[in-house]
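# Architecture and fold: a report
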Amino acid sequence: MTDNSFVITGAHVVPVDGDAFDGGAVVVQDGRITAVGPDVTPPDDLPVVDAAGAWLLPGFVEAHGHVGIHEEANGSAGNDTNEMTGPNMAAVRAIDAVDIDDEGFRDALSGGITSIVVKPGSGNPIGGQTVAIKTWGGRTIDEQLISDAVSIKSALGENPKRVYGEKGQTPSTRLGVAKVIREAFVAAQDYRADRDAAHAKGEPFTRDLTKEALVRVLDGELAWDQHTHRHDDIATAVRLAEEFGYRLVVNHGTEAHKIADLLAEKGIPVIYGPLFTSRSKVELRDRGIPNLTTIAAAGVRVAITTDAPVVPINMLVTQATMAVRDGLPRQTALEAITSAPADILGFGDRVGRIAAGYDADLVLWDGDPLDATSRAQRVWIEGKQVFAYVDGQGVTTPRW
């Protein structure tokens, strides 16, 4: 039997989908959950982890972070978040810049986070391709990969207009930012038509990595992760998405509460946050944790983000706790850091729930994780223990 096969018994199990239960068992074989429930009888040949009343939840999912490409304590040498040499960087890929030795990944484990979508920054109207990875694993990022076909990061509002306005070039206004995005998609539509025509005729065709990436958005393979704060910028994001027919995910959504009914009607999800920040720029002046409650109450599917390292990634669950304090239903808060981000970004068939067939990404807590005093005691990723809290300190398992 492999070292990633075992049974957890005696826990208070919170599967996220479905009712919590006490006792029973969660069976893990070869890194996957094979059975879960209060009446499960585990195989006799598997090692047993006696949880003794601790809380067992799926590993949390950070939907929008920069861990590994904006390394902590490494200054400019560790910051590869934005390729700000041109406003359309659809061809660049976050996977090519992630340093898995960034301390943020160890912080993630201590906060019960086992998956993260690492995204380029918001300096460009079109920032580049994101990547979904586990927060620990082998010696290369490729061994932590969930999916490199998740989304393309885009930005509206103050950030891109400031970056390029200071350079004295387009885009220096909100009008210009929208123009850059619109022109890029028109060019991608033309590219797709020319490519398909050439292929139909058996003629050679010169590839363009930037346009190819945007064609994947047009074809529905990749989501469009739209950094946007103000409600008018969110309206522009919706307008562009409907013009070109792509799948829009609002990121940050500081003023999404002002048009929450519109987003709900159109089925557009919001990755909200970070929640623990100051009003550092004009478009954040209406920020507030209660806004998330309003957005969710309107029927919008929500996830919560730390935007790490903007907020330390291990405080993801703390943000969810504060959201509950300000009116977000408890179940919605748990979903916002587990199943919702995984579903929104296209890998909800693998992580975010405790269910048969899912990756055994599990966290054992010494109490309710939405109690700010609770601590992650043990963390498994694909059935391998990667973290334990022992003798008053967190211990991370060496990579394999």
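Predicted model only: the values in this text are computed from it and were never measured.

### Some words on the pairing of strand E8 (residues 60–65)
The element E8 is extensively covered by neighbouring structure, given that six of its six residues are classed as buried. Here four bridges tie E8 to strand E9 (residues 113–118), and the two strands are oriented parallel to one another. Pairing of phenylalanine 60 across the sheet is with isoleucine 113, part of E9. After leaving E8, the chain enters helix H1 (residues 103–110) and then returns to the sheet as E9, a path that is right-handed.

### Details of the packing of helix H3 (residues 174–201) against helix H5 (residues 231–244)
The angle between the axes and the distance between the axes are what describe a pair of packed helices. Between H3 and H5, whose axes approach to 11 Å, the crossing angle comes to 15 degrees. When the axes of H3 and H5 are compared, the pair comes out roughly parallel. Considering how the two elements wind past one another, H3 and H5 form a crossing that is right-handed. Listed contacts from H5 to Arg174, Ala178, Ile181, Arg182, Phe185, Val186 and Gln189 of H3 are Asp232, Asp233, Thr236, Leu240, Glu243 and Phe244. For the contact of H3 with H5, a count of residues per class yields six nonpolar, two polar and five charged.

### Let's talk about the UniProt feature "domain: Amidohydrolase" (unreviewed entry) in the chain
UniProt feature "domain: Amidohydrolase" (unreviewed entry): in the numbering of this structure it lies at residues 252–387. Secondary structure across residues 252–387 comprises 27% helix and 15% strand; the distance between its end C-alpha atoms is 30 Å.

### Structural notes on the sheet that holds strand E14 (residues 223–228)
Across the sheet, six strands lie side by side as E10-E13-E14-E15-E16-E17; this open sheet has mixed pairing. Strands with a single pairing partner mark the edges of an open sheet, and in this sheet they are strand E10 (126–129) and strand E17 (302–304). The sheet shows a mean angle of 20 degrees between the axes of neighbouring strands, direction not considered. With respect to the sheet, H5 is in contact with E14 and strand E15 (248–252), its orientation differing from that of E15 by roughly 160 degrees.

### Points about the sheet that holds strand E19 (residues 376–381)
Judged by pairing direction, the sheet is mixed, and its seven strands sit side by side in the order E3-E2-E7-E18-E19-E20-E21 without closing on themselves. Only two strands of the sheet have a single neighbouring strand rather than two, namely strand E3 (21–22) and strand E21 (393–396). As paired strands, strand E2 (residues 12–13) and E3 are joined by two bridges and run antiparallel to one another. Residue pairing across strands places histidine 12 opposite aspartate 22, the latter belonging to E3.

About the cut-offs
Residues numbered from 1 in each chain as written. Predicted model: local features only at pLDDT ≥ 70, side-chain atom pairs only at ≥ 80, totals over all residues. Heavy atoms only, no water. Buried < 20%, exposed > 50% of the residue type's maximum accessible area, 1.4 Å probe, protein only. Helix = DSSP H or I, 4+ residues; strand = E, 2+ residues; numbered from the N terminus. Pairing = 2+ DSSP bridges. Right-handed = clockwise from strand over helix to strand, strands pointing away. Axes fitted to C-alpha atoms, helices over the stretch in contact; angles between N-to-C directions. Parallel < 35°, antiparallel > 145°, perpendicular 65-115°, else oblique. Left-handed = near helix turned anticlockwise from the far one by under 90°. Contact = heavy atoms within 4.5 Å. Nonpolar A, V, L, I, M, F, W, Y, C, P; charged D, E, K, R; others polar. UniProt positions renumbered as here; feature names shortened; annotations may be inferred.

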